[in-house]
Amino acid sequence: RGKVAMRSIHYFAAVVMWVGLSSTAVARPEIDAQANEVLKAVNTYMSGLDALLISAEVSEESVYGDNHKLLFVGTVELGIRHPAQFFTEHHTNFKNRRTYLNQGTFTVFDEDVNVYAQASAPGSLNDVFTKLHARYGISSPGSELFSGNAYELLVSKASRVIYVGESTIGGRACHHIAGVLADMDWQLWVQKEGDPQLCRYVITDRNVPMAPQFSITFDKWQANANISNQRFNFRAPADAEAIEFVK
C-alpha cells in the first residue's frame, strides 16, 4: 500500500483541525446583541482552558448520487492540552480511528485496516492544523470551536448571527444561536448556567446537493482535566503498517 489518501478525515476529531468556515469574510455582519454576548463568553472561556477532556455523540450525513442521504452516527472522545497536544478516539459501525498530536508529530491510526500515517507538525494547535490542511487537505467540521479563536471564525464570515432562544439539551438549559454564511449555516447551543460549555453544534452545508448536516452533541465535559501523558502517546501495534499521507 505505501501511500494512502488520508485526507478527508470526516470525524469530529480532528476537531481541533482548524480549516476555518468557508466563504469570504463579511465586512459588517449583522450580529444580534445577545448572540454576540454569548459567543464572546464562549471564546473567553475556551481560550482560557489549559486542558479539556470531552466525549460526544456525532452524526454526519453523506449524499449519494445527488438524490439521497445516509446518516452515520458514532461517538468521539477528545483530549486537548495546550499548547500543542491532543488525542481523539472515534468509533462508528463503519469506522474506528484514532489521532494524536504530541511532541511535534501528528498521527492518524486506522484500527480497521491497521495502518497509520505520521507527519511533522511543530507549532501551536492552530498553526499545526492550518498547515496540515494546506499540505494534505485534512479537514474537520467543528474545528473552529477549539481553535482558540472561535469568535472570529464563527462571526467574521457570517452575514448574519441571530439569537434563536433557549432550549434544553441533555437536561441543560442552553442558549441557541445561529449563523448564516454564503454557502453554509451553523447552529450552536451553549450552556446557560455556570461556565459557557458547549452543548451541541450543527453545520449545514448548502454548497452540496441536499444540504447535508454534521452534528456533535457533547455529553461529558471536563475543563482543565488532569490527562495522563500516556493518552497523547501513539504506540503502533507490532503488526501495524506505516504509510504516508498523500499531498
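These figures come from a predicted structure and were not determined experimentally.

Novice: An account of the packing of aromatic side chains is requested, with residue identities and associated values reported.
Specialist: As enumerated under the stated definition, the model contains 10 aromatic pairs in all. Seen in terms of ring centroids, Phe-72 and Phe-94 are 5.6 Å apart; in terms of plane orientation they differ by 85 degrees. Their pairing is edge-to-face. Placement of the pair is Phe-72 in strand E4 (residues 68-81) and Phe-94 in the loop between strand E5 (85-92) and strand E6 (96-102), with a sequence separation of 22 residues. Using a relative accessible area of 26% as the deciding quantity, one classes Phe-72 as partly exposed. Between Phe-106 and Phe-245, the aromatic rings sit 5.9 Å apart at their centres with planes inclined by 15 degrees, giving stacked as the arrangement. Taken together, the positions of Phe-106 in strand E7 (residues 105-110) and Phe-245 in strand E14 (residues 241-245) put the pair 139 residues apart, joining distant regions of the chain. Within the aromatic cluster, the residues linked to one another by ring pairs are Phe-86, Phe-106, Tyr-136 and Phe-245. In this structure, Arg-200 is placed above the aromatic ring of Trp-189, and the distance from its NZ or CZ to the ring centre is 5.8 Å.

Novice: Any details on the pattern of salt bridges? Residues and values, ideally.
Specialist: For the coordinates displayed, the defined rule picks out seven salt bridges. Of the charged contacts in the structure, one is a salt bridge between Lys-69 and Glu-61, with a shortest N-O distance of 3.2 Å. Given the relative accessible area of 32%, Lys-69 is considered partly exposed. Residues participating in the shared-partner salt-bridge network are Glu-77, Glu-89 and Arg-231.

Novice: Which residues make up helix H2 (residues 125-136), and what values go with them?
Specialist: In this model, H2 (12 residues) spans 16 Å end to end at C-alpha, consistent with the 16 Å of a helix rising 1.5 Å per residue. Among the residues of H2, those classed as buried are Leu-125, Val-128, Phe-129, Leu-132 and Tyr-136. On an axial view of H2, the arc spanned by its buried residues comes to 85 degrees, and they lie on one face. Summarising the contacts, the buried residues of H2 are in contact with E4, E5, E6, E7, strand E8 (115-120) and E14. Immediately downstream of H2, the backbone of Gly-137 shows phi near 75 degrees, a positive value.

Novice: Before we move on, could you go through the pairing of strand E13 (residues 213-223) and cite the residues and values that matter?
Specialist: Pairing of strand E3 (residues 51-64) with E13, which is carried by nine bridges, proceeds in the antiparallel orientation. The partner of Val-58 across the bridge, within E13, is Ile-216.

Novice: How would you summarise the nonpolar core if you had to cite specific residues and measurements?
Specialist: Counting 51 residues, the largest nonpolar core has Leu-39, Met-46, Phe-106, Phe-146, Trp-186, Leu-188 and Leu-198 as the members making the most contacts within it. It is helix H1 (residues 33-47) that provides the largest number of residues to this core, a total of six residues. Core analysis: the next-biggest nonpolar cluster, separate from the first, contains 10 residues, Leu-53, Phe-87, Tyr-100 and Phe-234 among them.

So, how was this worked out
- Residues numbered from 1 in each chain as written.
- Predicted model: local features only at pLDDT ≥ 70, side-chain atom pairs only at ≥ 80, totals over all residues.
- Heavy atoms only, no water.
- Phe/Tyr/Trp six-rings, centres within 6.5 Å; stacked < 30°, edge-to-face > 60°.
- Helix = DSSP H or I, 4+ residues; strand = E, 2+ residues; numbered from the N terminus.
- Buried < 20%, exposed > 50% of the residue type's maximum accessible area, 1.4 Å probe, protein only.
- Lys NZ or Arg CZ within 6 Å of the ring centre and 35° of its normal.
- Salt bridge = Lys/Arg side-chain N within 4 Å of Asp/Glu carboxyl O.
- Expected span 1.5 Å × (residues − 1).
- Arc of directions from axis to C-beta.
- Contact = heavy atoms within 4.5 Å.
- Pairing = 2+ DSSP bridges.
- Core = buried A, V, L, I, M, F, W, Y, C linked by side-chain atoms within 4.5 Å.

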